[in-house]
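So the chains spell out like this:
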Amino acid sequence: MPAKNNAQIVDNTAPPAPCGAAPSARQLAWHRLETYGFVHFTVNTFTGKEWGYGDEAPALFNPTEFDAGQIAETAAAGGLAGLILTCKHHDGFCLWPSRYTGHSVKHSPWRNGRGDVVREISDACRNRGLKFGVYLSPWDRNHPEYGRPAYLAYYQNQLRELLTEYGELFEVWFDGANGGDGYYGGARERRAIDHLTYYRWPEIVALVRELQPQACIFGEAGADIRWVGNEMGHAGDPCWHTIDGSRRQRNLLGWRYLEQGEWRGNIWQPAECDVSIRPGWFYHAAEDERVRTPHNLLALYFHSVGRGAALNLNLPPDRRGLIHARDAAALREFRRLLDAIFARDLARAARVEADNTRGNHPAFQAAHAADGRADTYWCADDHVRQANLTLVFPRPVEFNAISLREYLPLGQRIAGFAVSAGARGGWRELAAGLSIGHRRLLAGETIRADRLRVELRGDDACPALAEIAVFKGADLPWR
Ligand code: FUL
């Protein structure tokens, strides 16, 4: 009889099996976006509040020069890949003429009650090549039935309107906030709910999957993307793309846990850093002097996108319904500085050596890590747990920023790394860390070197790497 147990035969000319949890196609597409924007707009813009109580008259909503084109244009000029609009914030006021409530733009003076902010923003996004996403606050301080079963049908009806009437969505954002008290149709009382069970998340997730299968869900159970645990615009270090699903079920996701995730968690749920360009989420004229500077935005980018997370940057329209000139200027300059840093990848001119190449096969050769493509990668043999990649520059180069990327379809494989510069025969360690994932940016003082070594450690899998890129930026945020 032939031996049955041939499972150990390793084919090192084929890609390795994905290790641990791996991303879905919709998550992979989301990882590639890296930066997109939030648009917080509602009656709060006109009352000066951050959380409307729910008793605001729709007549308050009256932007005088609303221009969705200016909002989308500003986002596009800042290099954002899409916009997520607060179609309904906690105050319950709807920016679209929902069939299920009169508490909406329908009863506002804006466009004589015939306007639809969701329509105009979603159209403007598409016209400028931006993706569009929706935020629909589960907590509704206006609705009389909030906290009772009847509200859930209302919420799902509204969600269905947004999922079916505004074209393709890239993200659906479910906010976990609930402060208890509210107007609630005049009851003016506290209504506490259990946010894990009250909203019937499995039904909501099923609705999004049915109607917008490509959209990533931000939020609670069943979500594709997790909150990063703070609203300051930075991910943890490390920041793993995975979490332990049983912790989520047991409501044990503290902010520090969310910032870092968990190595080899069983669910792929990467982090999104949501942060406002101003102190508040809504526009307040009193904060015009406190718009983030371009350098501050650069620092946010390095601490979010640069740790493998996405950056969701809030740009709140003012009372005219426009992005204020200060915010627009800061965003534009941020993008100019960022593009200048990443204008020329010095690694492209280097020869790349690896101390191990999977099956010695051209498909996995070291050169793939520095070919400027994210869809090709270097990979080691299955039994290898530590490997070095070395860039050999034709002549000494000066650099101060390095970008590393894993090849995510194979899961997160690298458990630790170190980067060293080589000059005149000696090595100097520049940086070391744990997670790489979708992207890891390292920046520091300017170094002159003729070699760059990247040491990679895979605890339970052979390492693979899609990108090593090397840059000399004129204007790094911390200088
Ligand atoms: C929080 C909300 O309470 C804030 O108002 C804002 O919408 C932010 C993005 O999420 O939970």
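Residues numbered from 1 in each chain as written. Predicted model: local features only at pLDDT ≥ 70, side-chain atom pairs only at ≥ 80, totals over all residues. Heavy atoms only, no water.

**Student:** Go over the overall build of the chain with me, naming the residues and quoting the values.
**Tutor:** Helix and strand counts for the chain come out as 10 helices and 20 strands. Taking the principal axes of its C-alpha atoms as reference, the chain extends roughly 75 × 65 × 35 Å. Counting only contacts in the chain whose residues sit at least 6 apart along the sequence, the fraction spanning at least 24 positions is 76%. Accessible surface, the chain: about 18900 Å² in total, of which carbon and sulfur atoms supply 49%. Taking the 56 positively charged and 57 negatively charged side chains of the chain as two groups, their mean positions are separated by 2 Å. (Helix = DSSP H or I, 4+ residues; strand = E, 2+ residues; numbered from the N terminus. Contact = heavy atoms within 4.5 Å. Areas by Shrake-Rupley, 256 points an atom, 1.4 Å probe, with all protein chains shown as cover. Lys, Arg positive; Asp, Glu negative; His and termini not counted. Charge placed at Lys NZ, Arg CZ, Asp CG, Glu CD.)

**Student:** Quick one: what's the story with helix H3 (residues 68-77), residue by residue and with numbers?
**Tutor:** Taken as a whole, H3 has its buried residues at Ala68, Gly69, Ile71, Ala72, Thr74 and Ala75. Its buried side turned inward, H3 meets strand S1 (35-39), strand S2 (82-88), helix H4 (117-127) and helix H10 (325-341). Of the residues flanking the start of H3, the one acting as N-cap is Asp67, its side-chain oxygen 2.9 Å from the backbone nitrogen of Gly69. (Buried < 20%, exposed > 50% of the residue type's maximum accessible area, 1.4 Å probe, protein only. Polar contact = N/O pair within 3.5 Å; in protein donor to acceptor, adjacent residues only side chain to side chain.)

**Student:** Tell me what's going on with the sheet that holds strand S12 (residues 310-314), and back it up with residues and numbers.
**Tutor:** Sheets are built from strands paired through backbone hydrogen bonds, the pairs being either parallel or antiparallel. Judged by pairing direction, the sheet is parallel, and its eight strands sit side by side in the order S7-S4-S3-S2-S1-S12-S11-S8 without closing on themselves. Single-partner strands in this sheet number two, and they are strand S7 (216-218) and strand S8 (226-227). Two elements, S2 and strand S3 (residues 131-136), share six bridges in a ladder whose sense is parallel. Looking across to S3, one finds that Thr86 is bridged to Tyr135. The strands that H4 touches are S2 and S3; relative to S3, the one it contacts most, it runs at about 155°. (Pairing = 2+ DSSP bridges. Axes fitted to C-alpha atoms, helices over the stretch in contact; angles between N-to-C directions.)

**Student:** With reference to specific residues and values, describe helix H5 (residues 149-165).
**Tutor:** Over its 17 residues, H5 runs 25 Å from end to end, which matches the ideal 24 Å to within 8%, given 1.5 Å per residue. Buried within H5 we find Tyr151, Leu152, Tyr154, Tyr155, Gln156, Gln158, Leu159, Glu161, Leu162 and Leu163. Buried residues along H5 sit in contact with S2, H4, S3, strand S4 (171-173) and helix H6 (201-211). Phi for Gly167, located one or two positions after H5, is positive at around 75°. (Expected span 1.5 Å × (residues − 1).)

**Student:** Describe the packing of helix H9 (residues 294-303) against H10, and please don't skip the residues or the numbers.
**Tutor:** Direction vectors running N to C along H9 and H10 enclose 55°, while the axes themselves pass 8 Å from each other. Classified by the interaxial angle, the pair formed by H9 and H10 is oblique. For H9 against H10, the interelement crossing comes out right-handed. Contact with H9, carried on its side by Pro294, His295, Leu297, Leu298, Tyr301 and Phe302, involves Ala330, Leu331, Glu333, Phe334, Leu337, Leu338 and Ile341 of H10 and no other residues of that element. When grouped by side-chain class, the residues that make up the contact of H9 with H10 number 11 nonpolar, one polar and one charged. (Parallel < 35°, antiparallel > 145°, perpendicular 65-115°, else oblique. Left-handed = near helix turned anticlockwise from the far one by under 90°. Nonpolar A, V, L, I, M, F, W, Y, C, P; charged D, E, K, R; others polar.)

**Student:** Describe empty space enclosed by the protein, naming the residues involved and giving the relevant values.
**Tutor:** Over the atoms a probe the size of a water molecule is rolled, and this reveals where empty space is left. One pass over the full model with this rule turns up one cavity of 30 Å³ or more. The space that makes up the largest cavity amounts to roughly 30 Å³. Lining the largest cavity, in full, are Pro138, Asp175, Gly176, Ala177, Asn178, His195, Tyr199, Trp201 and Glu220. Its residues assigned to classes, the lining of the largest cavity shows four nonpolar, three polar and two charged. (1 Å grid on protein atoms, 1.4 Å probe; cavity = no way out; pocket = protein on both sides within 12 Å on 5 of 7 lines; lining within 4 Å. Points joined across faces, edges and corners; volume = space filled by probe spheres on them.)

**Student:** Outline the pairing of strand S16 (residues 416-423), supporting the account with residue identities and numerical values.
**Tutor:** Along S16, seven of the eight residues are buried, which leaves the element largely enclosed by surrounding structure. Sheet topology note: the S16/strand S18 (residues 440-457) ladder contains seven bridges and is antiparallel. Across the sheet, the residue bridging to Gly422 is Arg451, located in S18. Pairing geometry for S16 and strand S17 (residues 426-433), over seven bridges, is antiparallel. The residue of S17 that forms the bridge with Ala418 is Ala432. Between S16 and the antiparallel strand that follows it, S17, lie two residues; Arg424 among them carries a positive phi value of about 45°.

**Student:** Kindly report on the packing of aromatic side chains, identifying the contributing residues and their values.
**Tutor:** Across all of its chains, the model carries 31 aromatic pairs by this definition. Arranged with centres 5.9 Å apart and planes meeting at 85°, the rings of Phe38 and Trp281 form a pair that is edge-to-face. Placement of the pair is Phe38 in strand S1 and Trp281 in the loop between strand S11 (271-276) and H9, with a sequence separation of 243 residues. Judged by relative accessible area, Phe38 falls into the buried class, the value being 1%. (Phe/Tyr/Trp six-rings, centres within 6.5 Å; stacked < 30°, edge-to-face > 60°.)

**Student:** Just give me the short version of the layout of surface pockets, but keep the residues and values in it.
**Tutor:** Estimates place the volume of the largest pocket at around 560 Å³. Along the wall of the largest pocket there are 28 residues; nearest its centre are Asp175, Gly176, Ala177, Phe218 and Trp227. If you list the elements that add at least two residues to the lining of the largest pocket, you get S8 and helix H8 (255-260). Grouping the amino acids of the lining of the largest pocket by side-chain chemistry returns 13 nonpolar, eight polar and seven charged. In this model, the second largest pocket occupies a volume close to 260 Å³. Forming the walls of the second largest pocket are Leu28, His31, Arg32, Glu34, Ala374, Asp375, Arg405, Glu406, Tyr407, Leu408, Pro409 and His438. Considering only residue class, the lining of the second largest pocket consists of five nonpolar, two polar and five charged.

**Student:** Any chance you could break down the confidence of the model for the chain for me, citing the residues and the numbers?
**Tutor:** Residues at a pLDDT of 70 or more form 97% of the chain, whose mean pLDDT is 95. Scored below 50 in pLDDT, residues 1-5 shows zero contacts in the model against residues more than four places distant or in partner chains. (pLDDT = per-residue confidence, 0-100.)

**Student:** Any chance you could break down the pattern of salt bridges for me, citing the residues and the numbers?
**Tutor:** Within the structure shown, the criterion is met by 31 salt bridges. A salt bridge links Arg188 to Asp55, with the nearest nitrogen and oxygen atoms 3.3 Å apart. Of the two residues, Arg188 is situated in the loop between strand S5 (181-182) and strand S6 (189-190) and Asp55 in the loop between helix H2 (44-47) and H3; the sequence distance between them amounts to 133 residues. When the shortest N-O distance is used, the salt bridge between Lys88 and Asp140 registers 2.8 Å. With Lys88 in strand S2 and Asp140 in the loop between S3 and H5, the pair connects residues that are 52 residues apart, well separated along the chain. Note on accessibility: Lys88 and Asp140 belong to one class, buried. (Salt bridge = Lys/Arg side-chain N within 4 Å of Asp/Glu carboxyl O.)

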